[in-house]
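Fold and geometry: a report
Next come the chains, spelled out residue by residue.
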Amino acid sequence: MKILTLLISLSIFFAPQISYASPRASVVATINSEMITSLQLDKNVRLYMANKGINPSKVSPSERREIEQSVLSDLVKESIIIQEAEKQNIKINDQILNEEIQNSIDRDAGGSKEAFYAKLAKEGYDEKLYKEKVRNTLLTQALISRNVLRKIIVTDEEVLDFYLKNGGKIIGKANVALMVYASGDDMDNYAEKLIKNPKSFEKTVKEISVGPSAEEGGVLGEMSISDLASPVQTAIQGLEEGEVSKVFSINGAYAQAKVLSKTTSSKNVAEIIDPNLVTKIRDGLRMQKVGNKIEEYITGLEKKAIVTIK
């Protein structure tokens, strides 16, 4: 799962939360009803330094305090996220958890469970601790997916545009008439009218278009759809014979296209591109749109939490 690799390093270094303080451990922070103890903080500081290759004996007191503050901040953030996931009844079943762990074993240790955990032991992890860490990571991913990523819309037009710009091909033929506007004013005056009254398209092209074959009404002649410019391919996706597209940009100009005939007329992009590829493209484009929305969501959770640093 790649949803959160760019998110935050919350569950990458840190051990699971401790809900109740040990009699020998002081409480360094409370997050709603959860506690973080000095023992937990110390353990996570050691995990952090081991993962970063930092020699504890060479860390000055001031550097140690900076590391502790950073680790504590991330532990607080992790606790807030896990609590919210539990509040929303998000659960990670054992099958998904075990598959994720096995993927890591296959990737990082050639499938050897012994070698994998031997390496983790040098960083301060045992199998139980690592399993809990992975579960927290998956909970975080699921929470962000539900509350951020799924609310980011990627249209079929965006999927198709990406597909075509990256070498994708659409099988089929089409005969298209093309209108290229000389100015924004012409576009404002005619675009909506042509969509509503497609029969006047070729006549209007003859009168005002600066595009190819303007004298013939912009008719390009039947050709493979893959031979059309990618903006035109995107524009006519889902259109039926006789329909006019929305305005699109081609070579820096505003344009519209009318479908005179087409052998591929599906309105569902998944029917003209492999559905699995559509899903991958959509997920990738969704991640590009994320921007700072994930951090904004987490900041919102932090503002609602009752946090006390001792």
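Keep in mind that what you see is a predicted model, and the values were worked out from it rather than measured.

Scanning the entire structure with this criterion turns up 13 salt bridges. Where R64 meets E68, a salt bridge forms, and the shortest distance between an N and an O atom there is 2.9 Å. Pair noted here: R64 and E68 are both in helix α3 (residues 61-87), with a separation of 4 residues, about one helical turn. The exposure class of E68 is partly exposed, given its relative accessible area of 25%. Here K258 and E202 are joined by a salt bridge, their closest N and O atoms 3.0 Å apart. With K258 in strand β6 (residues 253-262) and E202 in helix α9 (residues 201-208), the pair connects residues that are 56 residues apart, well separated along the chain.

So, about helix α4 (residues 94-109). Counted at 1.5 Å a residue, the expected span for α4 with its 16 residues is 22 Å, and the 21 Å between its end C-alpha atoms agrees. Regarding α4, its N-cap is N93, as a side-chain oxygen of that residue lies 3.1 Å from the backbone nitrogen of Q95 further along. In the segment just after α4, G110 is the residue with positive phi, at about 60°.

Here we come to the confidence of the model for the protein. Of the residues in the protein, 90% reach a pLDDT of 70 or more, and the chain-wide mean stands at 87. α9 holds the highest mean pLDDT among the elements of the protein, 96, whereas helix α1 (residues 10-13) holds the lowest, 45. Low pLDDT (under 50) marks residues 1-15, which in the prediction has 53 contacts with non-local residues, meaning those over four places away or in another chain. Taken together, the stretch residues 17-23 has pLDDT below 50 and engages in 20 contacts with residues farther than four places along the chain or on a different chain.

With antiparallel pairing, 3 strands are arranged side by side in an open sheet as β2-β1-β7. Looking along the sheet, the strands with just one partner apiece sit at the ends: β2 (34-37) and β7 (307-309). Pairwise comparison of adjacent strand axes, ignoring direction, gives a mean angle of 15° for this sheet. Bridging between strand β1 (residues 27-31) and β2 involves 4 bridges; their strand directions are antiparallel.

Let's shift gears to the pairing of strand β3 (residues 173-180). Across the 8 residues of β3, 7 count as buried, placing the element largely inside the fold. Of the pairings in the sheet, the one linking β3 to β6 comprises 7 bridges and is antiparallel in character. Its bridge partner lying in β6, M179 is registered against Q256.

For the rest of this paragraph, the subject is helix α2 (residues 38-52). Relative to the 21 Å expected for 15 residues at 1.5 Å per residue, α2 spans 21 Å between its end C-alpha atoms, a close match to the ideal helical length. The set of residues buried in α2 consists of Q40, L41, N44, V45, L47, Y48 and M49.

We now examine unusual backbone geometry. Among all residues except glycine, the phi angle is most often negative; among peptide bonds, the trans geometry is most common. With a phi close to 55°, N32 is a non-glycine residue in the positive phi region. Here N32 lies in the loop between β1 and β2.

Let us look at the sheet that holds β3. Spatially, β4-β3-β6-β5 is the arrangement adopted by the 4 strands of the open sheet, whose pairing is antiparallel. The outermost strands of the open sheet, each flanked by one partner alone, are β4 (223-224) and β5 (248-250). In the sheet, β5 pairs with β6 via 3 bridges, with the strands oriented antiparallel. Residue S249 lies in a different strand from β6, and its bridge partner there is Y254. Packed onto the sheet, α9 meets β3 and β6 and runs at close to 45° relative to β3.

Rules used in this analysis
Residues numbered from 1 in each chain as written. Predicted model: local features only at pLDDT ≥ 70, side-chain atom pairs only at ≥ 80, totals over all residues. Heavy atoms only, no water. Salt bridge = Lys/Arg side-chain N within 4 Å of Asp/Glu carboxyl O. Helix = DSSP H or I, 4+ residues; strand = E, 2+ residues; numbered from the N terminus. Buried < 20%, exposed > 50% of the residue type's maximum accessible area, 1.4 Å probe, protein only. Expected span 1.5 Å × (residues − 1). Polar contact = N/O pair within 3.5 Å; in protein donor to acceptor, adjacent residues only side chain to side chain. pLDDT = per-residue confidence, 0-100. Contact = heavy atoms within 4.5 Å. Pairing = 2+ DSSP bridges. Axes fitted to C-alpha atoms, helices over the stretch in contact; angles between N-to-C directions.

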